[in-house]
Amino acid sequence: MSDPSSKTENVAAVLKVFAVVEALVEEKRVSLADLAQRAMTSKTTAHRLLQTMVDLGYVEQDPETEKYGLTLKLFSLGARSLNEQADLLRAADKAMGKLSRATGESINLGILDDRDQKVVYIHKYDSAYSLSMKSTLGLRNPLHSTSLGKALLAWRDDDELRERLGKMELIKLAPRTITDREELFAQLRLTRDRGFAEEVEESEAGVRCMAAPIFNYMGKPIAAMSISFPLFRFDEGRKSEYVNLLTTAGMTASSALGYRPKS
């Protein structure tokens with residue numbers, strides 16, 4: 001019979017390792033003292049963890065500053081884990097590039113992480129304008145307040161939608177964030193009916209976004225593609241043009257994945 005205290009110690013050690021890794025991802029180069037603080041452990045324990053990670057090739061120490069940083073080995077593991085997304089990235093990239101050139105605005109590709117009900121940004125084209133919405137690959141945003149999140153949710157049946165909404169915390173993040181479940185449910189059904197998702201200052205003040213789903217060969221929504229505009233630069237007179245460009249891009253990527261709309 002296993003010792004419960006040993007299990008607790010093992011979990012604590014794993015949590016400390018990941019706290020160190022996350023700190024190194026965020027700060028690039030970090031001192032031993034800062035890493036110990038982030039992992040909520042002693043310098044001795046932090047040093048032992050770091051030395052093991054150095055020995056395994058995941059972390060390196062700068063001989064001059066004595067600060068620690070990640071090596072490319074962890075990136076390599078992540079890249080291999082994304083192999084299943086390679087087809088999606090290839091299918092979406094061409095359509096995203098065309099959409100970027102046509103609008104000059106920020107174009108993002110997101111997927112759903114079921115573990116924490118977030119949209120994860122996995123590919124992007126930056127805006128041609130100096131003043132624009134900036135996104136970061138790997139960024140995780142709530143589903144309820146983003147057009148990407150709405151597009152990822154909307155093409156699911158009503159029972160699944162209600163189940164998902166029931167588990168979500170609808171936090172107010174911007175002036176017009178929807179925090180009422182019934183209102184959000186109605187918004188998602190509207191999204192499905194019109195073929196695209198939209199949010200205006202729901203995730204960030206001064207920003208307006210639209211998104212379209214990307215389907216795989218089974219007709220399952222596996223990703224979404226969005227255009228993001230600073231509110232002042234959105235031309236209401238061109239909205240139908242933007243929608244057409246966006247939904248065409250989404251359908252182009254879907255077709256490349258083998259999706260065929262039901263006749």
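Owing to the predicted nature of the structure, the values given are computational and were not obtained by experimental measurement.

### Here we look at the overall build of the chain
A tally of regular secondary structure across the chain gives nine helices and eight strands. When the backbone C-alpha atoms are referred to their principal axes, the chain occupies close to 60 × 45 × 40 Å. Considering the chain as a whole, with its 263 residues, one finds that 43% of them fall into the buried category. A total of about 14700 Å² of accessible surface is found on the chain, and carbon and sulfur atoms cover 53% of it.

### A look at the pairing of strand β6 (residues 197-200)
Residues Ala 197 and Glu 199 line one face of β6 and the alternating positions Glu 198 and Val 200 line the opposite face, and both faces are buried. Pairing of β6 with strand β7 (residues 207-215) involves four bridges; the strand directions are antiparallel. Within β7, the residue paired with Glu 198 across the bridge is Met 210.

### Quick notes on the packing of helix α6 (residues 147-154) against helix α8 (residues 181-194)
At a closest axis distance of 9 Å, the pairing of α6 and α8 adopts a crossing angle of 75°. The angle between the axes of α6 and α8 places the two elements in the roughly perpendicular class. Contacts between α6 and α8 involve Lys 150, Leu 153 and Ala 154 from the first element and Leu 184, Gln 187, Leu 188, Thr 191 and Arg 192 from the second.

### Details of α6
Across the eight residues that make up α6, a large majority, eight, are buried. Taken together, the buried positions of α6 are occupied by Ser 147, Leu 148, Gly 149, Lys 150, Ala 151, Leu 152, Leu 153 and Ala 154.

### A short note on the packing of aromatic side chains
Here the distance between the centres and the angle between the planes together describe a pair of aromatic rings. All chains considered together, the criterion is met by five aromatic pairs. Between the aromatic rings of Phe 229 and Phe 234, the centroid separation amounts to 5.0 Å while the plane-to-plane angle is 90°, which identifies the pairing as edge-to-face. Its relative accessible area of 1% is what places Phe 229 among the buried residues. These aromatic residues form a ring-pair network of at least three members: Trp 155, Phe 215 and Tyr 259.

### Things to note about the UniProt feature "domain: HTH iclR-type" (unreviewed entry) in the chain
Listed under "domain: HTH iclR-type" (unreviewed entry) in the UniProt record, and renumbered for this structure, are residues 11-72. Along residues 11-72 one finds 63% helix and 10% strand; the C-alpha atoms at either end are 26 Å apart.

Scoring rules and cut-offs
- Residues numbered from 1 in each chain as written.
- Predicted model: local features only at pLDDT ≥ 70, side-chain atom pairs only at ≥ 80, totals over all residues.
- Heavy atoms only, no water.
- Helix = DSSP H or I, 4+ residues; strand = E, 2+ residues; numbered from the N terminus.
- Buried < 20%, exposed > 50% of the residue type's maximum accessible area, 1.4 Å probe, protein only.
- Areas by Shrake-Rupley, 256 points an atom, 1.4 Å probe, with all protein chains shown as cover.
- Pairing = 2+ DSSP bridges.
- Axes fitted to C-alpha atoms, helices over the stretch in contact; angles between N-to-C directions.
- Parallel < 35°, antiparallel > 145°, perpendicular 65-115°, else oblique.
- Contact = heavy atoms within 4.5 Å.
- Phe/Tyr/Trp six-rings, centres within 6.5 Å; stacked < 30°, edge-to-face > 60°.
- UniProt positions renumbered as here; feature names shortened; annotations may be inferred.

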